[in-house]
Amino acid sequence: MGQPWKWSHGHKVAFREVKKQLVSFQMLAHCDPSQGVVLTCIVFAHQRPCREESPIAYAFQILTDAERKYTQIEQEVLAVIFGVTSRPSPSPALPQIIVWDEEFFQGRRHEFTAECHNVMESGFETVRSMKVESGAWVGYEHTNYQGQQFVLERGQYPHWESWSGSNSYHVERLTSFRTIACANHCECRMSMFERENFLGRKGELTDDYPSLQAMGWCNNEVGSFRIHSGAWVCYQYPGYRGYQFIMECDRHGGEYKHWREWGSHAQTFQIQSIRRIQQ
């Protein structure tokens, strides 16, 4: 008691997690016009909608100083008018990826809408081509999300070179993958530090950088990262080449203190280009 309130980094992480869960595909339902649509307007937080209904979208508006002086009924009418006239963003599409066990979309085919820790359990030796229909994903060389990482954004990948790019060694295996829930190309911010444990020179990024040295970074290594929002893919070499390391604001609490936390394939601090991951 008597201690001043402090909004810490842990609170920020928890708040972002709550917002992410509220607009996730597990929470939001797809609109079914045959079932009818109910507009629920809430002026105060203690009001609760019917538990039998599922939200399809959210919209909110902060009251002006004048509107705060309205009576309860007037504020409720204002909420109804806003709810009818606003155009909230639709619920996000369910993440979907289609994989084949042969190149150029041939052979055995399987659709996934959630993570897969081992494609061999679905009758695949490895994935040799795929189409990402929605969402952002990360693929792994080995089962249980181990080995090299490959960012997979919406599009077609007819053979292994289309997702592995220019890596340090030849690898054709992709045997596990998962969604990147926090990917948001429009709202991304990260801090990078010269040394591990967030020490040394600091840099702030909100955009894509094909060469960190060209933007003024001191060398070809980064010691640690703090991801404030969104998801990023960091590359070993300039021009988005070499090993890929996926950094997400909702994993490790957004904190990557040492290269050992970047992935099982990480071996050094070498990072020379970084870009945002698109949803």
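In what follows, the accompanying structure is described. (Residues numbered from 1 in each chain as written. Predicted model: local features only at pLDDT ≥ 70, side-chain atom pairs only at ≥ 80, totals over all residues. Heavy atoms only, no water.)

1. Here's the deal with the pattern of salt bridges
Then comes step 1: In total, this model carries nine salt bridges according to the counting rule given.
Then comes step 2: The closest approach of N and O atoms between Arg-276 and Asp-207, which form a salt bridge, is 3.0 Å. Here the residue Arg-276 occupies a position in strand β14 (residues 273-276), and Asp-207 occupies one in the loop between β9 (199-205) and β10 (224-229), the gap between them amounting to 69 residues.
Then comes step 3: You can call Asp-207 partly exposed: its relative accessible area is 37%. (Salt bridge = Lys/Arg side-chain N within 4 Å of Asp/Glu carboxyl O. Helix = DSSP H or I, 4+ residues; strand = E, 2+ residues; numbered from the N terminus. Buried < 20%, exposed > 50% of the residue type's maximum accessible area, 1.4 Å probe, protein only.)

2. Brief notes about the environment of Glu-194
Then comes step 1: Relative to the assigned elements, Glu-194 resides in strand β8 (residues 189-195).
Then comes step 2: Assessed through its relative accessible area of 32%, Glu-194 is described here as partly exposed.
Then comes step 3: As for Glu-194 and Gly-223, which are separated by 29 residues in sequence, their C-alpha atoms are 5.0 Å apart.

3. Considerations on the sheet that holds strand β5 (residues 146-152)
Within a sheet, each strand pairs with its neighbour through backbone hydrogen bonds, oriented either parallel or antiparallel.
Then comes step 1: Ordered by their spatial adjacency, three strands build an open sheet running β5-β4-β7, and the pairing between neighbours is antiparallel. The sheet is open, and its two edges are formed by β5 and β7 (176-179), each paired on a single side. Neighbouring strand axes in the sheet, compared pairwise and without regard to direction, differ in orientation by 25 degrees on average.
Then comes step 2: Note that strand β4 (residues 137-142) and β5 share five bridges and pair antiparallel. Bridge pairing links Gly-139 to Phe-150 in β5. (Pairing = 2+ DSSP bridges. Axes fitted to C-alpha atoms, helices over the stretch in contact; angles between N-to-C directions.)

4. A word on unusual backbone geometry
Then comes step 1: One non-glycine residue, Phe-105, lies in the positive phi region at around 60 degrees.
Then comes step 2: On the secondary structure map, Phe-105 appears in the loop between β1 (96-102) and β2 (106-112).
Then comes step 3: Despite not being glycine, His-252 has its phi angle at roughly 60 degrees, a positive value.
Then comes step 4: As for its position among the elements, His-252 is in the loop between β12 (241-248) and β13 (255-256).

5. Observations concerning the sheet that holds β14
Then comes step 1: In spatial order, the strands read β12-β11-β14; together these three strands make up an open sheet with antiparallel pairing. Because the sheet does not close on itself, it has two edges, and the strands there are β12 and β14. Sheet twist, expressed as the mean angle between neighbouring strand axes with direction ignored, is 25 degrees.
Then comes step 2: Direction of pairing for strand β11 (residues 231-237) relative to β12: antiparallel, over a ladder of six bridges. Paired with Trp-232 across the two strands is Met-247, which belongs to β12.

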